[in-house]
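So the chains spell out like this:
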Amino acid sequence: MEKDYNFKESESKWQDFWIQDQIFENKGKATYSIDTPPPTVSGKMHIGHAFSYIHQDIIARFKRMNGYNVFYPFGTDDNGLPTAKLVEKMNNVRFFDLTRPEFIELAEKTVKTLLPEFIEGWKNIGMSCDFSKPYSTISKDVQKIAQESFADLYKKKRVYRKESPVLWCPECQTAIAQAELEDKEKNALFSDIDFKLKDGGTITIATTRPELLPGCVALLINPKDTRAKDLVGKIAITPLFNQEIPIIEDESVDLEKGTGIVMCCTFGDVMDIEWQKKHDLPLHICINKDGTLNELGKEFKGLSTKEARKQILNKLEVKNQKQIVHSVNVHERCGTPIEIIVMTQWFVEYLDLKKEFLKQSEKLNWHPDYMQNRLDNWIKGLKWDWNISRQRFFGIPIPVWYCCGETILAKDFPIDPTTTEMICPKCGKPAQPEKDVFDTWFTSSLTPQITGEKIPMSLRPQAHDIINFWLFYTMVKSYLHSKKLPFKDVAISGFVLDPKGEKMSKSKGNIVEPKDIIEQYGADSIRFWASQAALGVDLRFSEDQIKQGKRTITKLWNASKFSLMHLEGYDPKNKGELQDEDKWLFSKLYSTTKEYIERMNKYEYNKARDLIDKFFWNDFCDYYLEIVKHRVYDTKDTGAQYTIYNALFSILKLYSPILPHITEEIYQDYFKQFEKTESIHLTQIEILKDYKTDFNLAIDAIAQIRKYKSENQMSMKAEVESITLKSDKKVEKYFDLIKNLLYIKEIKIDEE
Ligand SMILES: [Zn+2]
Ligand SMILES: [Zn+2]
């Protein structure tokens, strides 16, 4: 072995080896299959990615060494809005400034340039996926799968097209789904606005959105409000726009908020839609798709909502105003407050299936189990069917045409209706192609089908921020297509926070790049750091803990170097004669390995690591190697050599899912010549023989003496005339060993 471990050389060497020698390629039938999250091509790998992908990779590597043929594919999610937004940003264009074919071409070109370096990020953390045939969600193969999914749902009457209020992002210029809403605290001006009553008098309402006055269709008051019996049934006049609107009672109006009387507009928020339906109110849509006021806005027509708000307030000469902080629905991709407008869209109908979905969720094995609540709460709170059509260019086309009042579904897939002519069977004329594309989740929810593995797959690993999206939609799709679960186990990783416990973000400038850490400390160190957090738990980034990983790696190198020095010329088939200290180490190894496997099988890799840390640092290095030094130095005792060989090899195997590079380095350097297996990652973790011994008594005695010496600031090699141990009398047979090891002349026992 080299004097020092060079992680830079070693890590890239083994990463190349794993790929070139196809160590992790899927061979034969999978007995453990992983539904790997395809990272969204929208920039580079961030620390949160590294964190959760390391968790799943530890599981994959362990399963491989525990008797499973592991199916661990890799793909990238490179269609739809997130990728399109990146393309816009990188090329400094908006999609609507180009033609559809131009933008698609630009997007495909951009993705192609980005992809190799993007995937490199995943290889660099030492992922053991099969990188030989990565899938891409915009590829023709995947387009076919997504369109066939749509066709199946169409035939099952689970998709429908309808004109209805939809959530609209004025920035991205597309409808979005409920899952894409995010609550954001925003400052707003809460203004009192007076409405004249038709038969005299005035009432006041408070609103943060006066620009919706032209869309106001009613005023609402809670029936418990003392003013209600006088006001309900009366007609109010909207200021500036002079519309006559009714005053209606509704128990959902918050008595405490504002003046207790509210506007119902078409549409300010989701509540307005409910009121509109419930009270059968007319639609007065006043906002355009680009977020400006339309002709209903009269003199304010063409102004942005923000500008219109300002000018309307000026003109109304509002007196009572206060600044409030309230929660606003924004688009999670761009942070823009959403509008609700009426449009024709495609939906997956599923609100009627909430109970079924809850049952499916219950059937999953959740790790950690409390994450089930997140999905269940999401399902219970669903208010909209799944809007799957997006008014964008880059994505998978919805494979239909329209003519003679009918929808014509394509028969061959993949297909782009905007470039393929379809003749209407009724009138014989060319039908109108659908121009919308699918929501990106419509496709990524098909990853089990895309990978071609049979469902249910064994494991879905992912982060908790996409439970409402990816996990939920995959479950929905699988249920609608086959009534089956897409996977059996779910492993949910937490987030990485900054050292103060705050969310990392570009704007706060507290982002840590995995690339920089790997550069400085190596991939094994970052993996060691990530492995300390249990599933579901958020972890603060700490450079100290990365350094702790580095220390473990150095210790592993030095302890191996020391051990292997004493194994020179040793034939591992030669068991020799085991002494009590050897048997003691084997008994420790037995319980460590056994519990390690149990923990790993429960996805408690962090607890598994604690076990191996303790065995390695404490039992092996601090005690065993010290105790047997003279046996291997002086006599090349084969019993000790046999123990060292097996313990060290086991230590390397148990560490290898977490620290795959250094363990491979030491394995290739020494163990491979005897073990023959091509890579340590293809060896099996074995529970070796357990032995009964009372050598624990000696260990306890050594600990007492070491403690005594360090408390008295003595060197471990300092001679001691006499010492009294608290111990069982049986320890006597180890007196010679203890005296030699710790330079004690006389030992007495205090049996109390
Ligand atoms: Zn947006
Ligand atoms: Zn026709």
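The structure under discussion appears in the preceding block.
The structure reproduced in this document is the subject of the present report. (Residues numbered from 1 in each chain as written. Chains lettered and ligands numbered in written order. Predicted model: local features only at pLDDT ≥ 70, side-chain atom pairs only at ≥ 80, totals over all residues. Heavy atoms only, no water.)

### Considering the overall build of the protein chain
Worth spelling out the cut-off: Numbering of helices and strands starts at the N terminus; helices are DSSP runs of H or I of at least 4 residues and strands are runs of E of at least 2. Between buried and exposed lies partly exposed: a residue is buried under 20% and exposed over 50% of the maximum accessible area for its type, with that area taken using a 1.4 Å probe on protein chains only. It only takes one pair of heavy atoms within 4.5 Å for two residues to be counted as in contact. Note on areas: Shrake-Rupley, 1.4 Å probe, and residue coverage restricted to the protein chains presented here. When charges are counted, neither His nor the chain ends are considered; positive counts come from Lys and Arg and negative counts from Asp and Glu. To locate a charge, take NZ of a lysine, CZ of an arginine, CG of an aspartate or CD of a glutamate.
From N to C terminus, the protein chain includes 22 helices and 27 strands. The principal-axis extent of the C-alpha atoms belonging to the protein chain is close to 110 × 65 × 45 Å. Relative to its 752 residues, the protein chain shows a buried fraction of 55%. Counted over contacts in the protein chain with a minimum sequence separation of 6, partners at least 24 positions apart contribute 77%. In the form shown here, the protein chain has an accessible surface area of approximately 33,800 Å², with 48% of it arising from carbon and sulfur atoms. The positive charge centre, built from 107 side chains, and the negative charge centre, built from 112, are 2 Å apart in the protein chain.

### Points about a negative patch on the surface
Selection rule: Patches in this entry comprise residues that are over 30% relatively accessible and not in a salt bridge; like charges within 9 Å are linked, as are nonpolar side chains (Val, Leu, Ile, Met, Phe, Trp, Tyr) within 5 Å. The working definition used for a salt bridge is a side-chain nitrogen of Lys or Arg within 4 Å of a carboxyl oxygen of Asp or Glu.
A contiguous patch of negative charge on the surface is contributed by E2, D4, E9 and D669. Relative to the assigned elements, E9 resides in helix α1 (residues 7–20). Given a relative accessible area of 57%, E9 falls into the exposed group.

### Considerations on unusual backbone geometry
P414 follows F413 through a cis peptide bond whose omega is 0 degrees. On the secondary structure map, P414 appears in the loop between β19 (406–409) and β20 (432–433). Between I455 and P456 the backbone carries a cis peptide bond, its omega angle lying at -5 degrees. Following the sequence through the fold, P456 ends up in the loop between α12 (447–451) and β22 (457–463). A positive phi angle is found at E317, which is not glycine, with a value near 50 degrees. Residue position: E317 is located in the loop between α8 (305–316) and β13 (321–331). Here E317 falls in the exposed class, since its relative accessible area comes to 61%.

### Here we look at helix α5 (residues 140–155)
This is how it is decided: Here a helix's expected span is defined as the number of its residues, less one, multiplied by 1.5 Å.
Taking 1.5 Å per residue as the helical rise, α5 with its 16 residues ought to reach 22 Å, and the 22 Å between its terminal C-alpha atoms agrees with that figure. Along α5, the residues that are buried comprise V142, Q143, A146, Q147, S149, F150, A151 and L153. Just past α5, the residue K157 takes up positive phi, approximately 60 degrees.

### What about the sheet that holds β20?
Convention followed: Paired strands, as defined in this entry, are two strands with at least two bridges between them according to DSSP. Throughout, an axis means a line fitted to C-alpha atoms (over the contacting stretch in the case of helices), and angles, computed between N-to-C directions, take values from 0 to 180 degrees.
Strand order in the open sheet formed by three strands is β19-β18-β20, with antiparallel pairing between adjacent strands. Either end of the sheet is taken by a strand with one partner, and the two such strands are β19 and β20. As defined by bridge partners, strand β18 (residues 400–403) adjoins β20 across two bridges and the pair is classed as antiparallel. Considered in β20, the bridge of W401 is made with P433. α5 rests against β18 and β19 of the sheet, and its axis sits at about 135 degrees to β19.

### A word on the sheet that holds strand β15 (residues 365–367)
The sheet built from three strands is open, its strands ordered β15-β23-β22 with parallel pairing. The open sheet has two edge strands with one neighbour each: β15 and β22. The sheet shows a mean angle of 20 degrees between the axes of neighbouring strands, taken without regard to direction.

### Re the coordination of the zinc ion (ligand 1)
The criterion, for reference: Only nitrogen, oxygen and sulfur atoms qualify as donors, provided they sit within 2.8 Å of the metal or within 3.2 Å for Na, K and Ca; with water excluded from the atoms, sites may seem incomplete. Geometry is assigned from the angles between donors: four donors with all angles from 85 to 135 degrees make a tetrahedral site, four or six donors whose opposite pairs exceed 155 degrees while the rest stay between 65 and 115 make square planar or octahedral sites respectively, and everything else is labelled irregular.
The protein atoms that coordinate the zinc ion (ligand 1) are C169 (SG), C172 (SG), H331 (ND1) and C334 (SG), at distances of 2.1 to 2.3 Å. Taken together, the four donor atoms coordinating the zinc ion (ligand 1) and their angles of 103 to 116 degrees define a geometry best described as tetrahedral. Residue classification places C172 among the buried residues on the basis of a relative accessible area of 0%. For C334, a relative accessible area of 27% corresponds to the partly exposed category.

### Some remarks on the coordination of the zinc ion (ligand 2)
For the zinc ion (ligand 2), the full set of protein donor atoms is C403 (SG), C404 (SG), C424 (SG) and C427 (SG), at a range of 2.2 to 2.3 Å. Taken together, the four donor atoms coordinating the zinc ion (ligand 2) span angles of 105 to 121 degrees at the metal, a pattern that classifies the geometry as tetrahedral. Considered as a linear motif, the donors of the zinc ion (ligand 2) on their single chain read C-C-x19-C-x2-C. With C403 in strand β18 and C427 in the loop between β19 and β20, the pair connects residues that are 24 residues apart, well separated along the chain.

### With respect to the pattern of salt bridges
Enumeration over the complete set of coordinates arrives at 42 salt bridges. The shortest N-O distance in the salt bridge between K198 and E244 comes to 3.3 Å. Taken together, the residues span a long stretch of sequence, with K198 in the loop between β7 (181–197) and β8 (202–207) and E244 in strand β11 (residues 244–249) at a distance of 46 residues. A relative accessible area of 52% means that K198 is categorised as exposed. Notably, a salt bridge pairs R599 with E604, separated by 2.7 Å at the nearest N-O pair. The exposure class assigned to R599 is partly exposed, which follows from its relative accessible area of 21%. Several salt bridges converge on common partners, so that one network encompasses E88, R94, E171 and R392.

### Remarks on the side chain of H681
Among the structural elements, H681 can be located in the loop between α20 (660–675) and α21 (696–711). According to the relative accessible area criterion, H681 is buried, its value standing at 1%. Residues in contact with H681, not counting those within four places in the same chain, are W18, F24, R61, R64, M65, S656, P660, T663 and E664.

### A closer look at the packing of aromatic side chains
Counted only if it meets this: Ring pairs are drawn from Phe, Tyr and Trp, using the six-membered ring of Trp, whenever the two centres fall within 6.5 Å, and their geometry is named by plane angle: stacked under 30 degrees, edge-to-face over 60, tilted for the rest. Charge-over-ring contacts are defined here by two conditions on Lys NZ or Arg CZ: a distance within 6 Å of the ring centre and an angle within 35 degrees of the ring normal.
Considering all chains together, one arrives at 47 aromatic pairs under this definition. Consider the rings of F241 and F300, whose centres lie 6.0 Å apart with planes at 55 degrees: the pair is tilted. With F241 in the loop between β10 (235–237) and β11 and F300 in the loop between α7 (270–278) and α8, this pair connects stretches of sequence that are 59 residues apart. Ring plane angle 40 degrees and centroid distance 5.7 Å describe the contact between F586 and Y642, whose orientation is recorded as tilted. Here F586, found in helix α17 (residues 580–601), pairs with Y642, found in helix α19 (residues 638–655); they are 56 residues apart in sequence, far enough to count as distant. The exposure class assigned to F586 is buried, which follows from its relative accessible area of 4%. An aromatic cluster of three or more residues is present, and its members are F150, Y154, W346, Y350, F357, W386, F438, F442, F472, Y473 and Y479. Here the basic side chain of K123 rests over the ring of F131, its NZ or CZ set 5.5 Å away from the ring centre. When the ring centre of F649 is taken as origin, the NZ or CZ atom of K653, which lies over that ring, is 4.3 Å away.

### Examining helix α2 (residues 47–64)
The first and last C-alpha atoms of α2 sit 26 Å apart over 18 residues, in line with the 26 Å expected at 1.5 Å per residue. Burial within α2 is extensive, with 17 of its 18 residues counted as buried.

The analysis is restricted to geometry; functional conclusions fall outside its scope.
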